[in-house]
Amino acid sequence: LTTFLGIPTAPRGVGHLRGDEPFPVAARKALANTQLRRNLGKATATIRAKRAAVVAELPDWEELREAGRAIKAHTMRNLGHYLTELESQVTARGGTVHWARDAIEANRIVTDLVRATGAAEVVKVKSIVTDEIGLNDALAQAGIHAYETDLAELIVQLGKDRPSHILVPAIHRNRAEIRDIFLREMSDVDPGLTDTPAALTEAARLHLRRAFLSARVGISGANFAVAETGTLVVLESEGNGRMCLTLPDTLITVMGIEKVVPAWRDLDVFMQLLPRSSTGERMNPYTSMWTGVTPGDGPQSFHLVLLDNGRTAALADETGRQALHCIRCSACLNVCPVYERTGGHAYGSVYPGPIGAVLSPQLTGVEDNASLPYASTLCGACYDACPVKIDIPSLLVHLRARHVEETARAHRVASPEAVTMAAASWVMASPARWAAAQRASRLGRALGRGGRIRRLPPPLSAWTAARDAPAPPRQTFREWWREERGGRP
Amino acid sequence: VTGPAARDEVLARIRTALGDSAPADPDPGGHAPPADPAPRAYRTSGDLGAGLLLDLLAERLRDYGCTVRRTAPGEVMTAVGEALIRRGAHRIVVPSGLGLTGLPTGTEAVAVAIAETGTIVLDGSPDQGRRALSLVPDYHLCLVRAHQVVGLVPEALARLDPGRPLTWISGPSATSDIELDRVQGVHGPRTLEVILVEPEQASQPGT
């Protein structure tokens, strides 16, 4: 794999950071699914409105965003320092810290830890990072069943499906589909189950209660980890997180190394930015914060797995490292005109939408997710919505440039795009050649109808496959100027 | 499970990745934190008086679908009793340190409450009990005294002890995972009831 400064990216063949097909191909299939587009349209519009209302309530929202941006930038510049501080604080409070260079190593660490307890099943809090590394598959290979306990993740798991949104992973399913999945996959479900959200939620509650009360191992991700105190933070809504974080004897938390924050008071900022940006609530129903092990309360054995899996490769790109500031709120998904129409599956990675388009290619190496930096109109709505002010449009352009440069380096024979650009540059370098080219382009008027060209011959058909080209005008600006002004300045 | 190899390699990768852009660590391998340049121009203290704070907390809790009772300091026992009778509670769990002996109560105190977000925070002190207590039962009754209420999130964090297991609760358990329809009550208690105890001097609610 192509790497920055020789730093490895996330390995192939494990986890869910790469799609089976490029974004345009997957997006075309998604666009043909009218049910999906209806669900997405409703969901994104609803969350957008809720978020806008609760953000408007805070007079210091912009100050919070700026503080969040600065804290994250400072953390990345001192990442090694804060990770070792976190490690020593967690260890001092009775936890054990493990380091994983990649998905394979993290999966092995977690599997070995579960095996050591003798447990045959684990309960899981919703966690994108464990989905990133394909932990459930790794556990299954070791004969360990992982119960996804978040309602949406349960729907996705039982439906043998993939999550399609960071916050609401089953957003692509409607109530009738969910009822069918429950009737088919839950052995203990009432056959008279209706499709009201309340009845479906109750079925999930009953289905999972036995798992919660008997589980010996819980597995979670982390929203934040405070280096200064060794405190881990998980935000959630349903209470499944609290169940997994407090009832089992053993708790294993997997977190990407970028989730560390320096100080306790940094939660001032993130505990305000995240809930309002994510679910559009003043605060999410439940947040759990724990530091190591508390005797007599909750898990008596706590393991923290610090995961790289391509993050240091992203850190090596001074522009690209901003993507590591992400706090996974999903506000950028909900405002993105592309995401709103294609949904999350088209991006192929567990990180969809605008942030996924800049994060996934950096974790895997750009060539493994080369279509994602182009999966955007660069409209900038994501930048405005981002609670930590990640300049996603600039990152997209930066990654497009990296892709072009890396492709040029990798191939001796120039790509059609590079040839076209070189030709354009030659034409534009000379006024005479430019004027001649403009005159020649007028031939294209024959193809136009109503000022638009709907289909160009190959190889230019690649452009008109997804959009119209404007028909060239009757005269150029320079010709018009000469005609109007007679050559006067 | 992993030897020092993975740790050393990840830390080496970070050093390589940051290269010249990394500031010199003032205390390599030690605990002196690097200077924090983050601008903190956001609000760190609220400006509401005790009465208005309780009003705001009550409004925000009701917004989440909580039941809220307000009571004078001398009438806490009566309010707790009324809430439990209305609920029809016969068997309850009580944290050992709550000190409400003589009444069949199922209540917990709190570490702090945040008015602006409608949040109560439990820290596992003896008057609050261990974390499972407010999680497994279907009904959670919680006692908040006026001096425990702050306006803003930063004020709450300043009061909390990070070394304790903390649970932030903002309304009852809920999900919007099916077609974004909100359903109250998933795995945590389906009903959250809060008794707000007025300040000593001004026991008239709603000032």
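About the criteria used
Residues numbered from 1 in each chain as written. Chains lettered and ligands numbered in written order. Predicted model: local features only at pLDDT ≥ 70, side-chain atom pairs only at ≥ 80, totals over all residues. Heavy atoms only, no water. Helix = DSSP H or I, 4+ residues; strand = E, 2+ residues; numbered from the N terminus. Buried < 20%, exposed > 50% of the residue type's maximum accessible area, 1.4 Å probe, protein only. Contact = heavy atoms within 4.5 Å. Areas by Shrake-Rupley, 256 points an atom, 1.4 Å probe, with all protein chains shown as cover. Lys, Arg positive; Asp, Glu negative; His and termini not counted. Charge placed at Lys NZ, Arg CZ, Asp CG, Glu CD. Core = buried A, V, L, I, M, F, W, Y, C linked by side-chain atoms within 4.5 Å. Phe/Tyr/Trp six-rings, centres within 6.5 Å; stacked < 30°, edge-to-face > 60°. Arc of directions from axis to C-beta. Salt bridge = Lys/Arg side-chain N within 4 Å of Asp/Glu carboxyl O. Buried area = accessible area lost by both parts, 1.4 Å probe. Polar contact = N/O pair within 3.5 Å; in protein donor to acceptor, adjacent residues only side chain to side chain. Nonpolar A, V, L, I, M, F, W, Y, C, P; charged D, E, K, R; others polar. Axes fitted to C-alpha atoms, helices over the stretch in contact; angles between N-to-C directions. Pairing = 2+ DSSP bridges. pLDDT = per-residue confidence, 0-100. Expected span 1.5 Å × (residues − 1).

**Q** Would you mind showing me how to read the overall build of chain A here?
**A** When its secondary structure is counted, chain A shows 22 helices and 12 strands. The principal-axis extents of the C-alpha atoms in chain A amount to approximately 90 × 55 × 50 Å. Taking all 489 residues of chain A together, 58% fall into the buried category. In chain A, once contacts between residues fewer than 6 apart in sequence are set aside, the share between residues at least 24 apart is 73%. Accessible surface, chain A: about 19600 Å² in total, of which carbon and sulfur atoms supply 56%. Between the averaged position of the 58 positive side-chain charges in chain A and that of its 51 negative side-chain charges there is a distance of 9 Å.

**Q** Looking at this structure, I do not really get the overall build of chain B. What am I missing?
**A** Of the regular secondary structure elements, chain B holds four helices and 10 strands. Starting at the N terminus and walking to the C terminus, you meet the elements of chain B as α-α-β-α-β-β-β-β-β-α-β-β-β-β. The buried share of chain B, reckoned over its 207 residues, is 53%. Partitioning the intrachain contacts of chain B with sequence separation of at least 6 by distance along the chain shows that 68% fall at a separation of at least 24. With an accessible surface of roughly 9000 Å², chain B has 51% of that area assigned to carbon and sulfur atoms.

**Q** Please clarify how the nonpolar core should be interpreted in this entry.
**A** Nonpolar side chains in soluble globular proteins generally cluster together in the buried interior. Formed by 187 residues in total, the largest nonpolar core has its most connected members in Val114 and Phe182 of chain A together with Trp168 of chain B. Counting 10 residues, the second largest nonpolar core, distinct from the first, contains Ala79, Val80, Ala83 and Leu84 of chain B.

**Q** Is there a simple way to explain the packing of aromatic side chains in this structure?
**A** A ring pair, where both rings are aromatic, is described by two values, the distance of the centres and the angle of the planes. All names here are of chain A. Counting across every chain of the model gives seven aromatic pairs over all chains. Taken together, a centroid distance of 5.9 Å and an interplanar angle of 40° make the contact between Phe477 and Trp481 tilted. Within this pair, Phe477 and its partner Trp481 are both found in helix H22 (residues 477-485), separated by four residues, close to a single helical turn. Relative accessible area serves as the criterion here: at 58%, Phe477 is assigned to the exposed category. We classify Trp481 as partly exposed; its relative accessible area is 28%.

**Q** I'm lost on unusual backbone geometry in this one. Help?
**A** Glycine aside, negative phi is the norm for most residues, and most peptide bonds take the trans geometry. Phi angles above zero are rare outside glycine, and Lys160 of chain A is one such case at about 50°. Topologically, Lys160 of chain A is positioned in the loop between helix H8 (151-158) and helix H9 (175-185). Located in the positive-phi region is Leu180 of chain B, a residue other than glycine, with phi close to 65°. As for its position among the elements, Leu180 of chain B is in the loop between strand E8 (174-175) and strand E9 (183-184).

**Q** Help me understand helix H1 (residues 23-31) of chain A, please; the structure alone is not making it clear to me.
**A** Since the α-helix advances by 3.6 residues per turn, residues separated by three or four positions end up pointing in the same direction. Residues and elements named next belong to chain A. If you check which residues of H1 are buried, you get Phe23, Ala26, Ala27 and Ala30. The buried side chains of H1 occupy one side of the element, clustering within an arc of 100° when seen end-on. Exposed residues on H1 whose side chains face more than 90 degrees from its buried face are Arg28 and Lys29. Those residues of H1 that are buried lie in contact with helix H2 (34-56) and helix H15 (337-342).

**Q** Help me out: how do you make sense of the pattern of salt bridges in this one?
**A** Where charged atoms from two side chains of opposite charge come close, those side chains can pair. Counted according to the given criterion, the structure contains 48 salt bridges over all chains. When salt bridges with common partners are traced through the structure, they connect Arg101, Glu105 and Asp308 of chain A together with Glu9 and Arg13 of chain B into a single cluster.

**Q** Would you explain the interface of chain B and chain A in this entry?
**A** Frequently, the measure chosen for interface size is the accessible area that the parts lose on association. On the side of chain A, 105 residues touch chain B, which itself brings 76 residues to the contact. Overall, the association of chain B and chain A removes approximately 7700 Å² of surface from exposure, summing both partners, and the carbon and sulfur fraction of that is 58%. Counting the contacts that link chain B with chain A gives 12 salt bridges. A salt bridge links Asp60 of chain A to Arg43 of chain B; its shortest N-O distance comes to 3.1 Å. Put simply, chain B and chain A have 33 residue pairs in polar contact (both at pLDDT 80 or more) between them. Only helix H1 (4-18), helix H2 (50-63), helix H4 (153-159), strand E7 (166-169) and E8 of chain B provide two or more residues apiece to the side of chain B that touches chain A. Take the side of chain B that touches chain A: its biggest share by element is 11 residues, from H1 of chain B. Of the residues contributing to the side of chain B that touches chain A, the split by class is 39 nonpolar, 18 polar and 19 charged.

**Q** Sorry if this is basic, but what is going on with the packing of H2 of chain A against helix H12 (residues 267-278) of chain A here?
**A** Residues and elements named next belong to chain A. As a packed pair, H2 and H12 sit with axes 7 Å apart at the nearest point and diverge in direction by 145°. Contacts between H2 and H12 involve Ile47, Arg51, Val54 and Val55 from the former and Arg276, Ser277 and Ser278 from the latter. Split into classes, the residues belonging to the contact of H2 with H12 amount to three nonpolar, two polar and two charged.

**Q** Looking at this model, I keep getting lost on the pairing of E7 of chain B. Mind explaining?
**A** Side chains Leu166 and Trp168 of chain B project from E7 of chain B onto one buried face, and the interleaved Thr167 and Ile169 of chain B project onto a second face that is buried too. When strand E9 (residues 286-291) of chain A meets E7 of chain B, the two strands line up antiparallel, connected through four bridges. Within E7 of chain B, the residue paired with Ser288 of chain A across the bridge is Thr167 of chain B. In the sheet, strand E4 (residues 119-122) of chain B pairs with E7 of chain B via three bridges, with the strands oriented antiparallel. When the bridges of E7 of chain B are listed, Val121 of chain B appears paired with Trp168 of chain B.

**Q** Before we go on, may I ask you to explain the sheet that holds E9 of chain A in this structure?
**A** In spatial order, the strands read E8(A)-E5(A)-E6(A)-E9(A)-E7(B)-E4(B)-E3(B)-E6(B); together these eight strands make up an open sheet with mixed pairing. Of all strands in the sheet, those with a lone pairing partner are strand E8 (260-261) of chain A together with strand E6 (149-150) of chain B, marking the two edges. In the sheet, strand E3 (residues 112-114) of chain B pairs with E4 of chain B via three bridges, with the strands oriented antiparallel. Bridged to Ile114 of chain B within E4 of chain B is Thr119 of chain B.

**Q** Any chance you could explain the sheet that holds strand E7 (residues 250-256) of chain A here in plain terms?
**A** Hydrogen bonds between backbone atoms are what pair the strands of a sheet, whose relative direction is either parallel or antiparallel. All names here are of chain A. Spatially, the six strands line up as an open sheet ordered E1-E10-E7-E4-E2-E3, and their pairing is parallel. The strands lining the two open edges of the sheet, one partner per strand, are strand E1 (96-100) and strand E3 (145-148). Ignoring which end each strand starts from, the neighbouring axes of this sheet average 25° apart. One ladder, built from seven bridges, connects E7 with strand E10 (residues 301-307); its direction is parallel. Note that in E10 the partner of Val254 across the bridge is Val305. Strands in contact with helix H10 (residues 197-214) are strand E2 (121-124) and E3; relative to E3, the strand with the most contacts, it is inclined by about 120°.

**Q** Is there a simple way to think about the confidence of the model for chain B in this case?
**A** In low-pLDDT segments, the atomic positions of the prediction should not be examined closely. All names here are of chain B. Here chain B averages 84 in pLDDT, while 83% of its residues score no lower than 70. Throughout residues 102-106 the model reports pLDDT below 50, and contacts reaching past four residues in sequence, or to other chains, amount to 14 contacts. Complex prediction metrics read pTM 0.91 and ipTM 0.90.

**Q** Please explain the side chain of Ser127 of chain A as it appears in this structure.
**A** All names here are of chain A. Relative to the elements of secondary structure, Ser127 occurs in the loop between E2 and helix H6 (128-132). Under the relative-accessibility criterion, Ser127 is labelled buried at 7%. For Ser127, the side chain forms a polar contact with the side chain of Thr130, separated by 3.0 Å.

**Q** Looking at this structure, how should I read helix H4 (residues 79-92) of chain A?
**A** All names here are of chain A. The end-to-end C-alpha separation of H4 is 20 Å, in line with the 20 Å expected for 14 residues at 1.5 Å each. Those residues of H4 that sit buried are Leu79, Gly80, His81, Tyr82, Leu83, Glu85, Leu86, Glu87 and Val90. Phi turns positive, to about 95°, at Gly94, one or two residues after H4.

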